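These are the residues of each chain, in order.
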Amino acid sequence: MQFMLLFSRQGKLRLQKWYVPLSDSQKKKISREVIQMVLARKPKMCSFLEWRDQKIVYKRYASLYFCCAVEDQENELITLEIIHRYVELLDKYFGSVCELDIIFNFEKAYYILDEFILGGEAQETSKKIVLKAIEQADMLQEVRNTHIACLFVLVYEVTIGSFPSC
Amino acid sequence: MPAVSKGDGMRGLAVFISDIRNCKSKEAEIKRINKELANIRSKFKGDKALDGYSKKKYVCKLLFIFLLGHDIDFGHMEAVNLLSSNKYTEKQIGYLFISVLVNSNSELIRLINNAIKNDLSSRNPTFMCLALHCIANVGSREMAEAFAGEIPRILVAGDTMDSVKQSAALCLLRLYKTSPDLVLMGEWTSRVVHLLNDQHMGVVTAAISLITCLSQKNPDEFKTCVSLAVSRLSRIVSSASTDLQDYTYYFVPAPWLSCKLLRLLQCYPPPEDGAVKGRLVECLETILNKAQEPPKSKKVQHSNAKNAILFEAISLIIHYDSEPNLLVRACNQLGQFLQHRETNLRYLALESMCTLASSEFSHEAVKTHIETVINALKTERDVSVRQRAADLLYAMCDRSNAKQIVAEMLSYLETADYSIREEMVLKVAILAEKYAVDYSWYVDTILNLIRIAGDYVSEEVWYRVIQIVINRDDVQGYAAKTVFEALQAPACHENMVKVGGYILGEFGNLIAGDPRSSPLVQFNLLHSKFHLCSVPTRALLLSAYIKFINLFPETKSTIQEVLRSDSQIRNSDVELQQRAVEYLKLSSIASTDVLATVLEEMPPFPERESSILAKLKKKKGPGAVSVNELEEGKREGGELNGGGERGGDGSAIAASNASTPSPSADLLGLRTGPPVTAAAPSAGSLLVDVFSEAGVNDDGFLRDLEPPTESSDSLLAEGPGDSDSAPPSVVSEDPATPLPESNELLNKFVCKNNGVLFENQLLQIGIKSEYRQNLGRMYLFYGNKTSVQFVTFTTTVTCPGELQSQLNVQSKTVEPLIEGGAQVQQVINIECLTDFTDAPLLNIKFRYGGALQNLTLKLPVTINKFFQPTEMASHDFFQRWKQLSQPQQEAQKIFKANNAMDTEVLKAKLLGLGMALLENVDPNPENFVCAGVIQTKAQQVGSLLRLEPNAQAQSGEQMYRLTVRSSKDTVSKRLCELLAEQF
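Going by what an unreviewed UniProt entry lists, chain B is known as AP-2 complex subunit alpha and is assigned to Sinocyclocheilus grahami. Database annotation for chain B, UniProt heading Subunit (unreviewed entry): "Adaptor protein complex 2 (AP-2) is a heterotetramer composed of two large adaptins (alpha-type subunit AP2A1 or AP2A2 and beta-type subunit AP2B1), a medium adaptin (mu-type subunit AP2M1) and a small adaptin (sigma-type subunit AP2S1)." You can read under Sequence similarities (unreviewed entry) in the UniProt record for chain B the words "Belongs to the adaptor complexes large subunit family."

As named in an unreviewed UniProt entry, chain A is AP complex subunit sigma, taken from Sinocyclocheilus grahami. Its UniProt record gives chain A a comment under Sequence similarities (unreviewed entry), which states: "Belongs to the adaptor complexes small subunit family." Annotation of chain A in UniProt includes, under Subunit (unreviewed entry), the sentence "Adaptor protein complex 1 (AP-1) is a heterotetramer composed of two large adaptins (gamma-type subunit AP1G1 and beta-type subunit AP1B1), a medium adaptin (mu-type subunit AP1M1 or AP1M2) and a small adaptin (sigma-type subunit AP1S1 or AP1S2 or AP1S3)."

What follows is the structure in structure tokens.
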């Protein structure tokens, strides 16, 4: 896969992931071009487009378009299901995901994508395992938080404890 | 599931995002962002050390702003700091920022690599994965240098966690793609291959992508993967739909892995081992059988996953092209899909059938679907599906159905979408030629093409019809008659006029017996179109006229009249005028014999591959026209054109181009024929003889005969095939000599630091530079504008002559390979030792499609880059001005303004120069004065400048007087030279 773009019906880019080295201006140009092309498609048209020497595979979920550019020999249908699996992962993690979740928690959307696809290839296709990895990361943060909280309590108690003797 | 973002919710971030979303206008958004950027900047610069949380929050905000499409030029350091935080989410945000805002700022890269190194050796799998993800996301050469040795070890180590192995495999893949020279598998090869046997399906899924890529490059070393892949595939295919638990997707067992296994097998020929092969064929049969089973779910995901495997299996069957039974079954299966209600499946079936059509085993089976495909061409609502249908019709075309298919395509052309017309035209032209049994059909078809879609008929197409008519004398009379009739239409396309002019000029005599098409009627018909045509066509018509004089002496006076008219002989277009003059002279001076020799009928063209085919190949990109098709084209085309020898792919384009040069290609130009270099002199000398007798200057004719120049771009335009015709780049012979325009390019950058340094049809070089004190850093961006990779790309920066001791320039080596459309960056560090005049030279060498490109430019490093502005009051300025009063310290120039005298523009340029622009110093407010100090390692050179515009000089021209004074005479002189070019 060369890149993945998530954008709204208004053409606002919500997530961009690039798996090939490109300059910022190239990325902007490509995004504009692809978004324009995909938004011009009517419903019921096929989900695949020839673009340059690559293929664009896209699918619309509610207000969001998910769009991948893949190499010419890549399998279109399986790419379509890559998109779907990613949507499932987001959905499961956020609980009925909507566009706003991705806007406000964009960093999470990136983390989930990184667990699922790396360097443009599927890394782990099991939904359970991907979500477990993300949850574990979330837990790691929580443990540390509670850990610090405990530490505070401890310090507090020591201070309180020593208080009467003063 | 957990409510999101608990634990590490960043309230400030959420508030900021809401604010942005509530902005009513783009301006409001930019205002809000600028406010936030100022805030973050002050926090980062503040004295108070930020805690990890705040740092994370601000870095995340910056990231958000960047992703909105705004530029971010700070915060990298803070992000790098986060990498070494021991709090997971801080580290995570740091890595995300680095991954998204890759910036090969060399100092940072070192710090980033250090942090990654620490995490990789932390033995904490979560941290290791984060670090690996970062490498895979950035994938830069620096990272490959640092980690390409370490990652294979992690990948195959026995104690590595599965998740880390998965990340390591894909990380390595990414590094291999960017820097294949640095990723050496060697001793690891067999252990990597054996990952296909890993019990963890996730590990296999990740590893197989790496193995596939490595196998494509080194098939022999990895060939043991074939039997492993087959047995893995067999286990998956024969498993029940629930066996693989979480790797079953909508009742389809491991669809991703299955597709990847089938793809891996496509890197190899069919297995030689009978048992392995038997097992594989069994798998493929099972997959085909499953397609006939009723679906286990109504969900589209189920059918997509199942069909993804099916299509991949069909690809493998086509790749092997050795199992007739499987090929025919595949074809039947695709036939069912042709009428499926899912548009996606119809599209893919058409696409896949295209490749099946080229196999001798399935070609006939594909042909049985012709009616369905024609129907698709007519009724599909989606243009991309219609395009596939057109492709398939083209692929399934052979002698038996050519007339039907060409007729259908022609009728489709009348209503076809503009986007695909040109390609359709090319296809029709190729099919008509390839399968022509009688040439009248061919001529009819091409003339129809021009009539229906004249605008889309490229030069190759009409060149080709002429080549064929010239070579086949049995069709010449018919062609003349048909084109004569076509020209009767009141409005006919210019391409028709070109073909008409050419053919009648050659073979008009064949129809001249009929009084309805007598010579004068022919001439008048052609001439009636003359005034509506473009210059190249008119030029061609003039050549046709002179040929008429030879063919039909009775038209001589009429034509001479026309040539003599002011609109010809005094035409403002130099080409037309020259032709008129020369043809007129030729017709009046040369004897009939000489005339007959010069204007003899065109000799047959040497046989060669159709340039149209080459054009279609180019249009569709490599691989779109299969080798089979080409071979077939050659075979059958050879039959058609008398089976002469054909040139290789590359020379074909060049040769056909040479034979029909430039839009002003004309009868005489064609005479040279390919190979142009050999033929041109002889033809040329013939003409020289003629004209030396006649005493006419022969320049014009010789020029006609020269190989095409810029006007033939459309044909010569880059493409992998035409290596013979050197791409039209600016290539200087001597690598040490910079391009002639490099001084001009240098001048462009005196007052600015960023921009495009150089651009031609292949390469674009962008530049970004920054200077501080006597040091500078320059980023060069080499962009490959073509779709073909540049190989052995090397650049050298040299300081010629005494510059060596004045500047210290160090450049990093740049990656030797630039993929089509990609860009690579090079960093150059510059130290100014003492003042200097010349500019360093940048030499660039690379191979493009086999041809060596070599160009030398001047790097825009000029002495003023090392200026430090100096603010001073009026009194100080004049005092110093007086101090620098020795004659050699001053340089002065009076010069004409090249541009309008716009105060704001002038100010901007002077500021760009690097000096301080001093207000209220000069008593005359029109004048500009500046002050600055040039920083070199050896010394500092104070410089003062005064620019006096004179909008109404006596001469009526706008003039400037520029005076520079500085403590060193060479500096004054150089600054004066540089600046005089700027205004």
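There is more to say, and it comes next.
A. Examining the pattern of salt bridges more closely. Evaluation of the coordinates by the stated rule reveals 49 salt bridges over all chains. Among the salt bridges present, the one from B:Arg32 reaches B:Glu36, with a minimum N-O distance of 3.0 Å. Highlighted residues: B:Arg32 and B:Glu36, both in helix α2 (residues 26-45), separated by four residues, approximately one helical turn. The exposure classification of B:Arg32 matches that of B:Glu36, with both residues buried. Notably, a salt bridge pairs B:Lys973 with B:Glu977, separated by 4.0 Å at the nearest N-O pair. Pair noted here: B:Lys973 and B:Glu977 are both in helix α44 (residues 969-980), with a separation of four residues, about one helical turn. Judged by relative accessible area, which is 28%, B:Glu977 ranks as partly exposed. Several salt bridges share partner residues, and in doing so they unite A:Glu50, B:Arg388, B:Asp391, B:Glu423 and B:Lys427 into one network.

B. How the structure looks around the packing of helix α5 (residues 88-100) of chain B against helix α7 (residues 125-138) of chain B. Residues and elements named next belong to chain B. Running from amino to carboxyl end, α5 crosses α7 at an angle of 10 degrees, the nearest separation of the two axes being 9 Å. Taken together, the axis directions place α5 and α7 in an arrangement best described as roughly parallel. Across the interface between the two elements, Tyr 88, Lys 91, Gln 92, Tyr 95, Ile 98 and Ser 99 from α5 touch Thr 126, Phe 127, Leu 130, Ala 131, Cys 134, Asn 137 and Val 138 from α7. Residues belonging to the contact of α5 with α7 are distributed by class as follows: eight nonpolar, four polar and one charged.

C. Here's a closer look at helix α1 (residues 11-22) of chain B. The terminal C-alpha atoms of α1(B) lie 16 Å apart, and with twelve residues this matches the ideal 16 Å at 1.5 Å per residue to within 8%. Listing the buried residues of α1(B) in full gives B:Leu13, B:Phe16, B:Ile17 and B:Ile20. Summarising the axial view, the buried residues of α1(B) lie within an arc of 100 degrees, below the 170-degree limit, and thus occupy one face. Away from the buried face of α1(B) by more than 90 degrees, exposed residues B:Arg11 and B:Asn22 are located. Contacts made by the buried residues of α1(B) are with α3 (99-104) and α4 (106-116) of chain A together with α2 and α3 (52-67) of chain B.

D. Structural detail: the interface of chain A and chain B. Facing the 67 residues of chain A at the interface are 76 residues of chain B. Both sides of the chain A and chain B interface together cover about 6,300 Å² of buried area, and 55% of this is carbon and sulfur. Viewed at the interface, chain B and chain A are joined by four salt bridges. With a shortest N-O distance of 2.8 Å, A:Glu50 and B:Arg388 are connected by a salt bridge. In this structure, the connection of chain A to chain B is made through 28 residue pairs in polar contact (both at pLDDT 80 or more). Ranked by residues supplied to the side of chain A that touches chain B, first place goes to helix α2 (residues 76-94) of chain A with twelve residues.

E. Fine view of the environment of B:Glu414. All names here are of chain B. Checked against the element boundaries, Glu 414 lands in the loop between α22 (402-413) and α23 (418-434). Looking at Glu 414, the relative accessible area reads 51%, which means it is exposed. Considering only alpha carbons, one finds Glu 414 and Ala 453, 39 residues apart in sequence, at a separation of 7.3 Å. Setting aside its immediate chain neighbours within four residues, Glu 414 contacts Arg 421 and Ile 452.

F. Molecular detail of the sheet that holds strand β6 (residues 790-798) of chain B. All names here are of chain B. Spatially, the three strands line up as an open sheet ordered β6-β9-β10, and their pairing is antiparallel. What marks the edges here is a single partner per strand, and that holds for β6 and β10 (851-858). Adjacent strand axes in the sheet meet at a mean angle of 15 degrees, parallel and antiparallel pairs treated alike.

G. Structural detail: the pairing of strand β8 (residues 823-832) of chain B. All names here are of chain B. Judged by how many residues are buried, β8 sits mostly within the fold: seven of ten residues are covered. In this structure, strand β5 (residues 775-784) lies alongside β8, joined through nine bridges in antiparallel fashion. Residue pairing for β8: Met 778 is matched across the bridge by Ile 828. Summarising the sheet, strand β7 (residues 807-811) and β8 pair through five bridges and their orientation is antiparallel. When the bridges of β8 are listed, Val 809 appears paired with Ile 830.

Rules and cut-offs
Residues numbered from 1 in each chain as written. Chains lettered and ligands numbered in written order. Predicted model: local features only at pLDDT ≥ 70, side-chain atom pairs only at ≥ 80, totals over all residues. Heavy atoms only, no water. UniProt positions renumbered as here; feature names shortened; annotations may be inferred. Salt bridge = Lys/Arg side-chain N within 4 Å of Asp/Glu carboxyl O. Helix = DSSP H or I, 4+ residues; strand = E, 2+ residues; numbered from the N terminus. Buried < 20%, exposed > 50% of the residue type's maximum accessible area, 1.4 Å probe, protein only. Axes fitted to C-alpha atoms, helices over the stretch in contact; angles between N-to-C directions. Parallel < 35°, antiparallel > 145°, perpendicular 65-115°, else oblique. Contact = heavy atoms within 4.5 Å. Nonpolar A, V, L, I, M, F, W, Y, C, P; charged D, E, K, R; others polar. Expected span 1.5 Å × (residues − 1). Arc of directions from axis to C-beta. Buried area = accessible area lost by both parts, 1.4 Å probe. Polar contact = N/O pair within 3.5 Å; in protein donor to acceptor, adjacent residues only side chain to side chain. Pairing = 2+ DSSP bridges.

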